[in-house]
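Residues per chain, in single letters:
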Amino acid sequence: MESTSVKKQSLPAYLEHVFAEIGKYSQLLWWSLRSLRDFSTYYENTIKRMKFIGIRSLPIVLLTSAFVGMVEAVQVLYSLEGRAPYYLAGSVVVESIILELGPVLTALILAGRVGASIAAELGTMRVTEQIDALEVMAFNPVAYLVVPTLIAGVIMVPVLTIFADAMGSISGWLISIITVNMSSAEFLKGARRFFLPWDLIYGIIKSAVFGFVISANACYVGYFTTGGAEGVGKATTRSVVMSCVMILILDYIMAQFILKLGW
Amino acid sequence: MIKIVNLHKCFSSNQVLRAVNLEIHDGEATVIIGKSGSGKTVLLKLIIGLLPPDHGEIWIDDQNIVTLNFRMLQSIRRHFGYVFQAAALFDSMTVAENIGLGIKKFFNWSDQKIHDRVKECLEFVDLSDVANKFPAELSGGMKKRVGIARAIAAAPRYILFDEPTTGLDPETAENINQLIVRLKHELKMTSIIVTHDMHSAFTIGDSIALLHNGVIELQGTPETIRGMHHHEIQKFLIGCFRVEKIEALYEK
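Residues numbered from 1 in each chain as written. Chains lettered and ligands numbered in written order. Predicted model: local features only at pLDDT ≥ 70, side-chain atom pairs only at ≥ 80, totals over all residues.

## Here we look at the overall build of chain B
Scanning chain B from N- to C-terminus turns up ten helices and ten strands. Computed over C-alpha atoms, the radius of gyration of chain B comes to 19 Å, within 12% of the 18 Å expected from 2.2 N^0.38 for 252 residues, which places it in the range of a compact globule. Taken across its 252 residues, chain B has 42% of its residues classed as buried. Looking at chain B alone, contacts between residues at least 24 apart form 66% of all its contacts between residues at least 6 apart. (Helix = DSSP H or I, 4+ residues; strand = E, 2+ residues; numbered from the N terminus. Rg over C-alpha atoms; globule rule 2.2 N^0.38 Å. Buried ≥ 20, exposed ≤ 12 C-beta atoms within 10 Å, placed from the backbone. Contact = placed C-beta atoms within 7 Å.)

## Considering the overall build of chain A
In terms of regular secondary structure, chain A is built from nine helices and zero strands. Counting from the amino terminus, helix and strand elements in chain A follow one another as α-α-α-α-α-α-α-α-α. The principal-axis extents of the C-alpha atoms in chain A amount to approximately 65 × 60 × 35 Å. Counting only residues that meet the buried cut, chain A has 44% of its 263 residues in that class. Counting contacts in chain A only where the partners sit at least 6 residues apart, residues at least 24 apart contribute 89% of the total.

## Points about the packing of helix H3 (residues 95-106) of chain B against helix H5 (residues 140-152) of chain B
All names here are of chain B. For the pair H3 and H5, interaxial distance at closest approach is 7 Å and the crossing angle is 25°. Taken together, the axes of H3 and H5 lie roughly parallel to each other. By crossing handedness, the relation of H3 to H5 is classed as right-handed. On H5, the residues touching Val95, Asn98, Ile99 and Gly102 of H3 are Val146, Ala149 and Arg150. Across the contact of H3 with H5, the residue classes break down as four nonpolar, two polar and one charged. (Axes fitted to C-alpha atoms, helices over the stretch in contact; angles between N-to-C directions. Parallel < 35°, antiparallel > 145°, perpendicular 65-115°, else oblique. Left-handed = near helix turned anticlockwise from the far one by under 90°. Nonpolar A, V, L, I, M, F, W, Y, C, P; charged D, E, K, R; others polar.)

## Section: the confidence of the model for chain A
Averaged over all residues, the pLDDT of chain A equals 92, while 96% of them reach at least 70. Under a pLDDT of 50 for its full length, residues 1-7 of chain A has, in the predicted model, zero contacts with residues more than four places off or in other chains. (pLDDT = per-residue confidence, 0-100.)

## Looking at the pairing of strand E3 (residues 29-33) of chain B
Consecutive residues of a regular strand have side chains that alternate between opposite faces of the sheet. All names here are of chain B. By the criterion of burial, E3 is predominantly enclosed, with five of the five residues buried. Of the two faces of E3, the one lined by Ala29, Val31 and Ile33 and the one lined by Thr30 and Ile32 are each fully buried. Two elements, E3 and strand E8 (residues 190-195), share five bridges in a ladder whose sense is parallel. Opposite isoleucine 33, over in E8, you have threonine 195 as the bridge partner. Judged from the four bridges that link them, E3 and strand E9 (residues 207-212) form a sheet pairing that is parallel. Residue pairing across strands places valine 31 opposite isoleucine 208, the latter belonging to E9. (Pairing = 2+ DSSP bridges.)

## Quick look at the interface of chain A and chain B
With ten residues of chain A in contact, the opposing surface of chain B contributes 14 residues. Class assignment for the residues of the side of chain A that touches chain B results in five nonpolar, two polar and three charged.

## With respect to the environment of A:Pro85
Along the polypeptide, A:Pro85 turns up in the loop between helix H3 (58-80) and helix H4 (88-127). Exposure remark for A:Pro85: the 11 C-beta atoms within 10 Å place this residue in the exposed category.

## Regarding the packing of H4(A) against helix H8 (residues 197-223) of chain A
All names here are of chain A. Interaxial distance between H4 and H8 falls to 8 Å at its minimum, and their mutual angle equals 15°. Overall, the two elements H4 and H8 adopt an arrangement that is roughly parallel. Remark: the crossing between H4 and H8 carries right-handed chirality. Classifying every residue of the contact of H4 with H8 by side-chain character gives 18 nonpolar, nine polar and five charged.

## Some details on helix H7 (residues 184-193) of chain A
Residues and elements named next belong to chain A. Taken residue by residue, H7 has Phe187, Gly190 and Ala191 as its buried positions. Buried residues in H7, looked at end-on, bunch into an arc of 100°, giving them a common side. For H7, exposure combined with an orientation more than 90 degrees from the buried face picks out Ala185 and Arg192. The inward-facing, buried residues of H7 contact H4 and helix H6 (141-179). (Arc of directions from axis to C-beta.)

## Overview of the sheet that holds strand E5 (residues 63-64) of chain B
Residue and element names in this part refer to chain B. Read across the open sheet, the four strands follow the order E2-E1-E4-E5; overall the sheet is antiparallel. Where the open sheet ends on each side, the last strands, each with one partner, are strand E2 (14-24) and E5. As defined by bridge partners, strand E1 (residues 2-11) adjoins strand E4 (residues 55-60) across five bridges and the pair is classed as antiparallel. Bridging across to E4, histidine 8 finds its partner in histidine 55.

## Some remarks on the sheet that holds strand E6 (residues 80-83) of chain B
Residue and element names in this part refer to chain B. Pairing is mixed in the open sheet, where six strands are placed in the order E6-E7-E8-E3-E9-E10. Every interior strand has two partners, whereas the edge strands, E6 and strand E10 (215-220), have only one. Averaged over all adjacent pairs, the angle separating strand axes in this sheet is 15°, with direction ignored. Across the sheet, helix H6 (residues 170-187) is in contact with E3, strand E7 (158-162) and E8; its angle to E8 comes to roughly 160°.

## Overview of the environment of A:Gly90
All names here are of chain A. Turning to its location among the elements, glycine 90 is positioned in helix H4. Along the sequence, glycine 90 and phenylalanine 194 sit 104 residues apart, while their C-alpha atoms lie 9.5 Å from each other. Residues contacting glycine 90, with those up to four places away along its chain left out, are Phe187, Leu188, Lys189, Gly190 and Ala191.

## Examining unusual backbone geometry
Of note in the backbone geometry, A:Asn181 takes a positive phi value of approximately 55° without being a glycine. Mapped onto the elements of the fold, A:Asn181 is located in the loop between H6 and H7. Positive phi values are uncommon outside glycine, yet B:Lys188 reaches one of about 55°. By the secondary structure assignment, B:Lys188 is in the loop between H6 and E8.

## Thoughts on the environment of A:Leu145
Mapping A:Leu145 onto the fold places it in helix H6. Each C-alpha atom of the pair A:Leu145 and A:Glu121 lies 10 Å from the other, and the pair is 24 residues apart in sequence.

Here you go:
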């Protein structure tokens, strides 16, 4: 009886908690939107964040996409062997990389590398009163910390995705011409056969959305962190998990509703 | 002048402040004493607008900051410096950048002028040689002093101290006390100091207020406070908490 009543009580409490979180998240985004006019506050930090998200993430993104392209090529060639002409590998490898693997894998890597770091940084600033110190010094902490991260995420994740697409395609091409003696012309023929410019645009739009999600989640959990060092640890984990789940869900939603818009 | 009228603040069911009334006069150092958890830091954060009150008024000169929007509050904060309990220095910046940040925000000064002002502030707190160090390289006392240098950099009219001597050895604590006294005499700043260190309170304060049970129970000069027979004051003065415990043990 007791456990039933606890369950009955806990559901409304849980829902209240969920709605409160959604409210806080929306409030932070609204503050960010309003802080866009405070250009002098966020300009310098935006450049720093772009370097952090973009340039410093480039090696890991290139490494991952290189291996993804290689594995993709090996597996596609294996599937085509004796069943279809090898030049189709060019099409399958390039299309799968620019439509799916490039944007999604780049986003998942950045959710871990960048999202965790930003959530931990903002969380530590919150629990050590550094955000309060900014506010006391008449800075708008949202303009100073959150807006640069959001802008940098939306700009740099697509840039990294373009690099990932290029690296994945190149590594796929190299593996194709090395392992099955396919010529470069054949690979390119396959790559061009089903390629649509919209596919590339769609991949970039998708990565911009992922960039926003990663930075917004990291800022949200970091900005509202409570509970000292333990709270910072939890915020970091939460940021990564939230971003990964949202990336996968949004990936499906965009594939279902946006991909066909370009036709 | 800062005037607090009928201020209330609660967190969930915990009523921290109930009907706080307090006046802080220009040029004076007002010390707020009280037990740990009595709401001293909350009161300080309410004064600077970091927390919104549930009810009441906070008058800074002729403006009630409770009714101000964010932008107007920011312009009021221009006149305040705040020294946090754990200094709250920005980890990613050097000491000089920490101190220069507020100056850059408020004044359209050249880099050289900012550099000179940072140097001046560091000299004031007797830390001329740490400008290029990061906060992680400093001791607790040095961090507090850098925190003071940062708070005074933009020449505020009011400066708020949250437990300035907590966690410091007696010698460093005394240095911080003397620094606060110098701020009052040399820079003519109005200070509000939150502490439970009675030695600090008597050294620094022109006026001492006791925050107890969510209200300012009494306020007076250090001499008046020293002569009072108020129970809580006596506890603070003679460390009565420990004495009571020892008495209770003897009774058992």
